[in-house]
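Secondary and tertiary structure notes
Residue strings, one per chain:
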Amino acid sequence: MGFGDGVSIENCNEDVKPFHDILMAENIVFLEVLKNLEKLNSKVFFMSYSPLPIYGLDSCPIRAYAIEGLAEFSE
């Protein structure tokens, strides 16, 4: 899985379409246009997200959150 606060394919940027095509062809989950990543204090954290339970979608909005400081997720 990959994630970032970068450009989404909905913005019609041709330079990101090949990236999306490659990941989707390999069934790799990727999250994009995440906000507040700069507020994380650590590079290691627990992250979870809940996609809509609709089969056949290639994208959907999610609710993502990160929890820092868990012993199981530390450097």
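Residue numbers run consecutively from 1 along every chain, following the written order of its sequence. In view of the model being predicted, local features appear only for residues whose pLDDT reaches at least 70, and side-chain atom pairs are presented and counted only at 80 or more, with totals across whole chains, interfaces and linings using the full set of residues. Only hydrogens and water are removed before side-chain values are computed, so all heavy atoms of the structure are retained for them.

1. Observations concerning the overall build of the chain
Strands here mean DSSP runs of E at least two residues long; helices mean DSSP runs of H or I at least four residues long; both are numbered from the N terminus. Broken down by element type, the chain carries one helix and four strands. Traced from its N-terminal end to its C-terminal end, the chain shows the element sequence β-α-β-β-β. For the exposure calls, accessible area comes from a 1.4 Å probe over protein chains only, and a residue counts as buried if that area is under 20% of its type's maximum, exposed if over 50%, partly exposed in between. Counting the 75 residues in the chain, one finds 15% classified as buried. Counting only contacts in the chain whose residues sit at least 6 apart along the sequence, the fraction spanning at least 24 positions is 49%. Roughly 6100 Å² of accessible area belongs to the chain as shown, and the carbon and sulfur atoms make up 56% of that amount. Residues are treated as being in contact if the distance between any of their heavy atoms lies within 4.5 Å. In short, Shrake-Rupley with a 1.4 Å probe defines the accessible areas, and a residue's cover is counted only from the protein chains shown.

2. So, the side chain of Ser-48
Note that Ser-48 resides in strand β3 (residues 46-51). On the accessibility criterion, Ser-48 (18% relative accessible area) is buried.

3. What about unusual backbone geometry?
Even without being glycine, Asn-27 reaches a positive phi, approximately 55 degrees. Positionally, Asn-27 belongs in the loop between α1 (17-25) and β2 (30-31). Asn-27 sits in the exposed class, given a relative accessible area of 69%. In this model, Asn-36 sits at a positive phi of 65 degrees, which is unusual for a non-glycine residue. Counting through the fold element by element, Asn-36 comes out in the loop between β2 and β3. Judged by its relative accessible area of 45%, Asn-36 is partly exposed.

4. Some words on a nonpolar patch on the surface
Patches were defined on residues exceeding 30% relative accessible area and lacking a salt bridge, with like-charge contacts within 9 Å and nonpolar side-chain contacts (Val, Leu, Ile, Met, Phe, Trp, Tyr) within 5 Å. Each reported salt bridge corresponds to a side-chain nitrogen of Lys or Arg within 4 Å of a carboxyl oxygen of Asp or Glu. On the surface, Tyr-65, Ile-67, Leu-70 and Phe-73 cluster together into a nonpolar patch covering about 320 Å² of accessible area. Note that Ile-67 resides in strand β4 (residues 62-67).

5. Digging into the confidence of the model for the chain
For the chain, the average pLDDT comes to 79, and 79% of its residues sit at 70 or higher. Averaged pLDDT values for the elements of the chain fall to 56 in strand β1 (residues 2-3) and rise to 89 in β4. pLDDT is a per-residue confidence score from the predictor, ranging from 0 to 100.

6. Comments concerning the environment of Ser-50
Positionally, Ser-50 belongs in strand β3. Sequence separation between Ser-50 and Ala-64 is 14 residues, and the spatial gap between their C-alpha atoms is 6.7 Å. Other than its neighbours up to four places away in sequence, Ser-50 contacts Pro-61, Ile-62 and Arg-63.

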